[in-house]
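# Remarks on the overall topology
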Amino acid sequence: MIHRAPRQFWLKQQGIPAYYPFPVHIKKAEVLELQGRWEEALAIFREATVRAERAGDAECIATGRLNCGWMLHKTGEREGAMELLLLALRHYQDAGGDLSTAVALSKIGNVHYARCEYDRALECFQRSLDLSRSLDDSTGVSRALTNLGNVHGDLGHNREALEHYRQSRDIDEAAGDRYHASLGTGNMGWVHFAAGQYDQAMQCWGVQARWAEVFGDKHALGIALGNMVSVYISRGEYEQALDNIMRRLRIAGEMGDRKGQSVSLSHLANYHRLTGDNRRAIEAFERAIQLARELDLKFYLAIYLQELAELRWEMGEEAPALEAGRQARALAERIGKRDTVFSCRMLEARIAGRSDAAEGARHLTELLIQAEGNSQRASALYELFRLTGSAAHKAEARLLYEQLCAGTPDVCYRDRLAELSRN
């Protein structure tokens, strides 16, 4: 074989008469990553980095570090991930590689995003977007827009999130990139779900699932299946929910996707909670919470703790409910997750109302004033009626739940409307 352009395609180890096809191994690892074989991919990225270091090739060293750091982040090994990514970024910046700099900024931003460090994430994603636009790199622009949409979505800025996702999807569709366009469509599903548009959300996640199977992306498939669980549970379609939960748990286990396992365990906990098996619900919540703590998944941990608090309250365990709710609220306030803060305060008001109806009503009235949207307002009015028996609160809550049920087939809305409609 003739070895053309050895510096570009081959690494020669110093002092050893052997060549190593660096880019071939990098591409192989990227395919394994796509297939969900993360440990195998990480092993190849690590070996490629070692070979690059032996050869003294700075560009390949940076490439190896970038990929190793990213895989460490994805597999939940936080230690060392950011350090490797920052070393790669420093090389690209010093070498004047704007395209690679934009990629590195995107990955670093995603580490900040996972840690709920939203200001830092936004800064990285905006810099990546600006660089990609200056280079007329449509792929980089699309990825940056998606990342910005994710941050806005976490912060509850649903209009901004949807617009970023839509722009990203449109760019990918124009380029004929069906794979990334399907991921953009899947992201849009969360905005529809937050708006109570369950059919639209399921359509979006169905598109993501179909194309993930076509391209062999197990991770994207698992995410789509997991997202669908939220709709199934909200509709009261529990057996369909359980099927998707178990499928995603199996995929996440095969991949070593500990975040995916944590999310699916929380779904499993809610399935058991809603079907009356509180013991198994507690066990699943505890496993989900343990993983979330290990991986520092603050966004998800706040949700799990709030849901656990609700379960403890339903079981009549007031002290554990208060403690889990306290932890959830503190974490949610720290990361700016307002909907979870509202839910925690609602639980606190209900608990306070058990021993002091006037105090509970005062807290609920404050929440009613501060409610964001009809769903929160209806919830506060419903709890006020339950606590005080007020006919006015009952009538107003019933009207709101009628409006909510007309647009969103949510089992909670339906059950509360039925209760409020009884004489």
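Owing to the predicted nature of the structure, the values given are computational and were not obtained by experimental measurement.

### Here we look at the overall build of the chain
For the chain, the count of helices and strands is 22 helices and 2 strands. At 24 Å, the chain has a C-alpha radius of gyration in line with the 22 Å of a compact globule built from 423 residues. Each principal axis of the C-alpha atoms in the chain carries an extent, and together these give about 90 × 40 × 35 Å. In the chain, which comprises 423 residues, the proportion classed as buried is 50%. When contacts within the chain are restricted to residue pairs at least 6 apart in sequence, those whose partners lie at least 24 apart make up 51%. Per element, the accessible surface of the chain, about 20,100 Å² overall, is 50% carbon and sulfur. Charge separation in the chain, taken as the distance between the mean sites of 54 positive and 58 negative side-chain charges, equals 2 Å.

### Digging into the state of the cysteines
In the structure shown here, the tally under the stated rule is 0 disulfides. Not engaged in a disulfide, the cysteine Cys412 finds its nearest cysteine sulfur in Cys405; these two sulfurs lie 9.1 Å apart.

### Re the packing of aromatic side chains
Throughout the structure, instances matching the rule amount to 11 aromatic pairs. Ring geometry for Tyr382 against Tyr401: centres 6.5 Å apart, planes inclined by 90°, an arrangement best described as edge-to-face. On the criterion of sequence distance, the pair formed by Tyr382 in helix 20 (residues 374-388) and Tyr401 in helix 21 (residues 391-407) is long-range, its members being 19 residues apart. For Tyr401, a relative accessible area of 1% puts it in the buried group. An aromatic cluster is built from Trp190, Phe193, Tyr198 and Trp205, whose rings are joined through pairwise contacts.

### Structural notes on the nonpolar core
In this structure, Leu11, Phe22, Phe45, Trp205, Val231 and Leu268 are the most contacted members of the largest nonpolar core, which totals 75 residues. Among the nonpolar cores identified, the runner-up in size contains 20 residues, and Phe342, Leu364, Leu381 and Tyr382 belong to it.

### A closer look at the confidence of the model for the chain
Close inspection of predicted coordinates is inappropriate in any region flagged by low pLDDT. Looking at the chain as a whole, its pLDDT mean stands at 93, while 96% of the residues score no less than 70. Confidence drops under a pLDDT of 50 for residues 1-7, and excluding neighbours within four residues, the segment shows 5 contacts in the predicted structure.

### Quick word on the side chain of His267
Mapped onto the elements, His267 comes out in helix 14 (residues 258-274). A relative accessible area of 13% means that His267 is categorised as buried. With near-sequence residues (within four places) excluded, His267 lies in contact with Gly226, Val229, Ser230, Ile233 and Ile245.

### Some points on the pattern of salt bridges
Inspection of the entire model under this criterion finds 33 salt bridges. Among the salt bridges present, the one from Arg326 reaches Glu323, with a minimum N-O distance of 2.6 Å. In this pair, Arg326 and Glu323 both sit in helix 17 (residues 318-335), 3 residues apart, roughly one turn of the helix. Three or more residues are tied together by salt bridges with common partners; here these are Glu310, Arg350, Glu383 and Arg416.

### Some thoughts on the environment of Arg248
Looking at the element boundaries, Arg248 is found in helix 13 (residues 238-255). The exposure class of Arg248 is buried, given its relative accessible area of 9%. Along the chain, Arg248 and Gly216 lie 32 residues apart, while their C-alpha atoms are 15 Å from each other. Leaving out residues up to four positions away in the same chain, Arg248 has contacts with Gly222, Ile223, Gly226, Asp257, Gly260, Val263 and Ser264.

### Looking at the environment of Leu268
Residue position: Leu268 is located in helix 14. Contact partners of Leu268, with chain neighbours within four places excluded, come to Leu242, Ile245, Met246, Leu249 and Ala284.

### Structural notes on the packing of helix 19 (residues 357-370) against helix 20
A pair of packed helices is characterised by two quantities: the angle between their axes and the separation of those axes. Close contact between helix 19 and helix 20 brings their axes to 9 Å; oriented N to C, the two are set at 165°. Relative to helix 20, the element helix 19 lies roughly antiparallel. The two elements helix 19 and helix 20 meet at a crossing, and its hand is left-handed. Contacts between helix 19 and helix 20 pair Ala357, Gly360, Ala361, Leu364, Thr365 and Leu368 from the former with Arg377, Ala380, Leu381, Glu383, Leu384, Leu387 and Thr388 from the latter.

### Considering helix 2 (residues 22-34)
The terminal C-alpha atoms of helix 2, which comprises 13 residues, lie 19 Å apart, in line with the 18 Å expected from a rise of 1.5 Å per residue. Immediately downstream of helix 2, the backbone of Gly36 shows phi near 85°, a positive value.

### What to know about the packing of helix 10 (residues 178-194) against helix 12 (residues 218-235)
The contact between helix 10 and helix 12 brings their axes to 11 Å, and the two run at 20°. Classified by the angle between their axes, helix 10 and helix 12 sit roughly parallel to one another. Of the two possible hands of crossing, helix 10 and helix 12 adopt the one that is left-handed. Contact with helix 10, carried on its side by Leu183, Trp190 and Phe193, involves Ala220, Asn227, Ser230, Val231 and Ser234 of helix 12 and no other residues of that element. Tallied by class, the residues present in the contact of helix 10 with helix 12 amount to 5 nonpolar, 3 polar and no charged.

The rules behind the values
- The numbering scheme is per chain: residues are counted from 1 as the chain's sequence reads.
- Since the coordinates come from a predicted model, pLDDT governs what is reported: local features require at least 70, and pairs of side-chain atoms require 80 or more to be given and counted, while whole-chain, interface and lining totals use all residues.
- Only hydrogens and water are removed before side-chain values are computed, so all heavy atoms of the structure are retained for them.
- By the criteria applied, helices consist of DSSP H or I runs no shorter than four residues and strands consist of E runs no shorter than two, each listed in order from the N terminus.
- Put simply, the radius of gyration uses C-alpha atoms, and a globule should come to 2.2 Å times the residue count raised to 0.38.
- Burial here depends on accessible area, computed with a 1.4 Å probe over protein chains only, as a share of the maximum for the residue type. Under 20% is buried, over 50% is exposed, and the range in between is partly exposed.
- Contact between two residues is taken to exist if any of their heavy atoms lie within 4.5 Å; hydrogens are not considered.
- Surface accessibility in these figures is a Shrake-Rupley result with a 1.4 Å probe; residues are shielded only by whichever protein chains are displayed.
- The charge count treats Lys and Arg as positive and Asp and Glu as negative. His and the chain ends do not count.
- Where a charge sits is defined by one atom per residue type, namely NZ (Lys), CZ (Arg), CG (Asp) or CD (Glu).
- Cysteine sulfurs are considered disulfide-paired once they come within 2.5 Å of each other.
- Working definition: rings of Phe, Tyr and Trp (its six-membered ring) pair if their centres are within 6.5 Å, and the pair is stacked with planes under 30 degrees apart, edge-to-face with planes over 60 apart, and tilted otherwise.
- Here, nonpolar core means buried Ala, Val, Leu, Ile, Met, Phe, Trp, Tyr and Cys residues that are tied together by side-chain atoms lying within 4.5 Å of each other.
- The predictor reports its confidence for every residue as pLDDT, a score running from 0 up to 100.
- Here a salt bridge means any side-chain nitrogen of Lys or Arg lying within 4 Å of a carboxyl oxygen belonging to Asp or Glu.
- Every axis in this analysis is a line fitted to C-alpha atoms, fitted for helices over the stretch in contact. Angles between the N-to-C directions lie between 0 and 180 degrees.
- Oblique is the label for any angle not covered by the other classes, which are roughly parallel (under 35 degrees), roughly antiparallel (over 145) and roughly perpendicular (65 to 115).
- Take the far helix as your reference; a near helix turned counterclockwise from it by less than a right angle gives a left-handed crossing, and one turned clockwise gives a right-handed crossing.
- The length a helix should cover is 1.5 Å for every residue beyond the first.
- Residue polarity is assigned by list, with Asp, Glu, Lys and Arg as charged and Ala, Val, Leu, Ile, Met, Phe, Trp, Tyr, Cys and Pro as nonpolar; anything else, Gly included, falls into the polar class.

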